[in-house]
Amino acid sequence: MSANMLKNDSVKQESQTLETGFGKFLIIVTTTPTRGYYLHRLAHTLKTVEPPLLWVVVEMTRQSRETSEILRKSGVMYRHLVCTKNATEVKDPRVHQRNVALSHIETHRLDGIVYFADDTNIYSTQLFQHLRQIRRFGTWQVAKLKKSTRVAATFVGPICNGTQVIGWHTTNVMRRYHAELSGFAFNSTILWDPKQWHRPSTQRIRHLDTVKDLFQASAFIEQVVEGETEMEGIPEECSEVLVWYVPMEIDQLSSSNATILDPLSISM
């Protein structure tokens, strides 16, 4: 049996996992490289999440030995992909890495909820429970810790009335949608079944390498929804912080001191 046949059978088994009754299939997309410490930490978080879950990790140029070893030992079902573009010829390799993951999901028609999870962020385990409640597109608060302190934070994301998005926390009025890449998730069928969502069938949803980093999330969301009425605020009233963006300068943040990021300790 060829390697391609084995790969296709494995992908079918992943989609069939949806029938097990544990909940919606979660498709978690992570780009590398960062130091192995962060990938280890995210692996530990994902291992605590109830299946079915597929971790799609994309590297530039080749599969590194370090990442391969972390994935093999993670205890999480995964796909290890490679972006073959020349990293020296692109402005932001992460844009193209995410597009490789989107193409993989689209090609194999993986049916679930897609979430872009940066391995340097810290995630509440409740987030993954909320992801499974998403019908089309869900969004939530992200706390961005400042470089000077681990306590002071700014909030980016929706303002909600129940689960209805009625506004945004923002300091930048130039973006259409004031969400972070780690502050939303969406139904994967939007990528490969446009008729179900009344979308133009010829329009592929991708990250744009012509867009500045600050506008990446908004530009992507504009391809997925037509407005806030097609969004679901998570959780109700969008009253909890589910993701913390930690600057790389705050190095080696261990789980033992991550308790300072308890959402109950951060007022909104």
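About the cut-offs
- Residues numbered from 1 in each chain as written.
- Predicted model: local features only at pLDDT ≥ 70, side-chain atom pairs only at ≥ 80, totals over all residues.
- Heavy atoms only, no water.
- pLDDT = per-residue confidence, 0-100.
- Contact = heavy atoms within 4.5 Å.
- Phe/Tyr/Trp six-rings, centres within 6.5 Å; stacked < 30°, edge-to-face > 60°.
- Helix = DSSP H or I, 4+ residues; strand = E, 2+ residues; numbered from the N terminus.
- Buried < 20%, exposed > 50% of the residue type's maximum accessible area, 1.4 Å probe, protein only.
- Pairing = 2+ DSSP bridges.
- Salt bridge = Lys/Arg side-chain N within 4 Å of Asp/Glu carboxyl O.
- Axes fitted to C-alpha atoms, helices over the stretch in contact; angles between N-to-C directions.
- Polar contact = N/O pair within 3.5 Å; in protein donor to acceptor, adjacent residues only side chain to side chain.

**Student:** Give me the confidence of the model for the protein: which residues, what numbers.
**Tutor:** For the protein, per-residue confidence averages 85 on the pLDDT scale, and 81% of positions sit at 70 or higher. Long-range and interchain partners of residues 251-268, a stretch whose pLDDT sits below 50, account for 33 contacts in this model, where long-range means more than four residues apart.

**Student:** Let's hear about the packing of aromatic side chains: which residues, and what values?
**Tutor:** Given two aromatic rings, one states the distance between the centres and the angle between the planes to describe the pair. Enumeration according to the criterion identifies eleven aromatic pairs in this entry. Between F137 and F184, the aromatic rings sit 5.4 Å apart at their centres with planes inclined by 15°, giving stacked as the arrangement. One end of the pair, F137, is in strand β6 (residues 137-139); the other, F184, is in strand β10 (residues 184-187), and 47 residues separate them in sequence. Among the residues examined, F137 registers a relative accessible area of 0% and is labelled buried. Judged by relative accessible area, which is 0%, F184 ranks as buried.

**Student:** So what about the pairing of strand β2 (residues 53-60)? Which residues, and what values?
**Tutor:** Taken residue by residue, a regular strand's side chains alternate between the two faces of the sheet. With eight of its eight residues buried, β2 lies for the most part within the structure. Neither face of β2 is exposed, since L53, W55, V57 and E59 on one face and L54, V56, V58 and M60 on the opposite face are all buried. With six bridges connecting them, strand β1 (residues 26-31) and β2 associate as parallel partners. Counterpart to T30 in the pairing with β2 is V57. Inspection of the sheet shows β2 paired to strand β3 (residues 78-83) by six bridges, in the parallel sense. When the bridges of β3 are listed, W55 appears paired with Y78.

**Student:** Give a detailed account of the pattern of salt bridges, specifying residues and quantitative values.
**Tutor:** All chains considered together, the criterion is met by nine salt bridges. For E106, the salt bridge identified is with R206, shortest N-O distance 3.1 Å. In this pair, E106 is assigned in helix α4 (residues 93-107) and R206 in the loop between α6 (189-192) and α7 (216-224), connecting sequence segments 100 residues apart. Residue classification places R206 among the buried residues on the basis of a relative accessible area of 14%. For the salt bridge of R136 with E230, the shortest nitrogen-to-oxygen distance reads 3.4 Å. Pair noted here: R136 is in the loop between α5 (125-131) and β6 and E230 is in the loop between α7 and β11 (232-233), with a separation of 94 residues, a long-range link. Judged by its relative accessible area of 22%, E230 is partly exposed.

**Student:** Explain the sheet that holds strand β5 (residues 122-123) to me, using residue names and the numbers behind them.
**Tutor:** Read from one edge to the other, the open sheet built from five strands follows the order β5-β12-β7-β8-β9, with strand pairing classed as mixed. Looking at the sheet topology across the chains shown, the edges are occupied by β5 and β9 (164-169). Strand direction decides the pairing type here: β5 and strand β12 (residues 241-245), joined by two bridges, are antiparallel. Each residue of the ladder has a partner; that of I122, found in β12, is W244.

**Student:** Before we move on, could you go through the sheet that holds β11 and cite the residues and values that matter?
**Tutor:** Sheet architecture is open: seven strands sit in the order β3-β2-β1-β4-β10-β6-β11, paired in mixed fashion. Edge positions in the sheet fall to β3 and β11, since each of these pairs with one other strand and no more. Lying on the sheet, helix α2 (residues 36-47) is in contact with β1 and β2; it crosses β2 at an angle near 165°. The sheet contacts of α7 involve β4 (113-116), β6 and β10, and relative to β10 the element is tilted by about 25°.

**Student:** Any chance you could break down the environment of T189 for me, citing the residues and the numbers?
**Tutor:** By secondary structure assignment, the location of T189 is in helix α6. Taking the C-alpha atoms as reference, T189 lies 7.7 Å from L110; in sequence the two are 79 residues apart. T189 has contacts with D111, P194, Q196 and W197, leaving out every residue within four places of it along the chain. There is a polar contact of 2.7 Å between the side chain of T189 and the side chain of N187.

**Student:** Just give me the short version of the side chain of T45, but keep the residues and values in it.
**Tutor:** The topology assignment puts T45 in helix α2. Accessibility expressed as a relative area gives 14% for T45, which makes it buried. Excluding residues that lie within four positions of it along the chain, T45 makes contacts with Y123 and F128.

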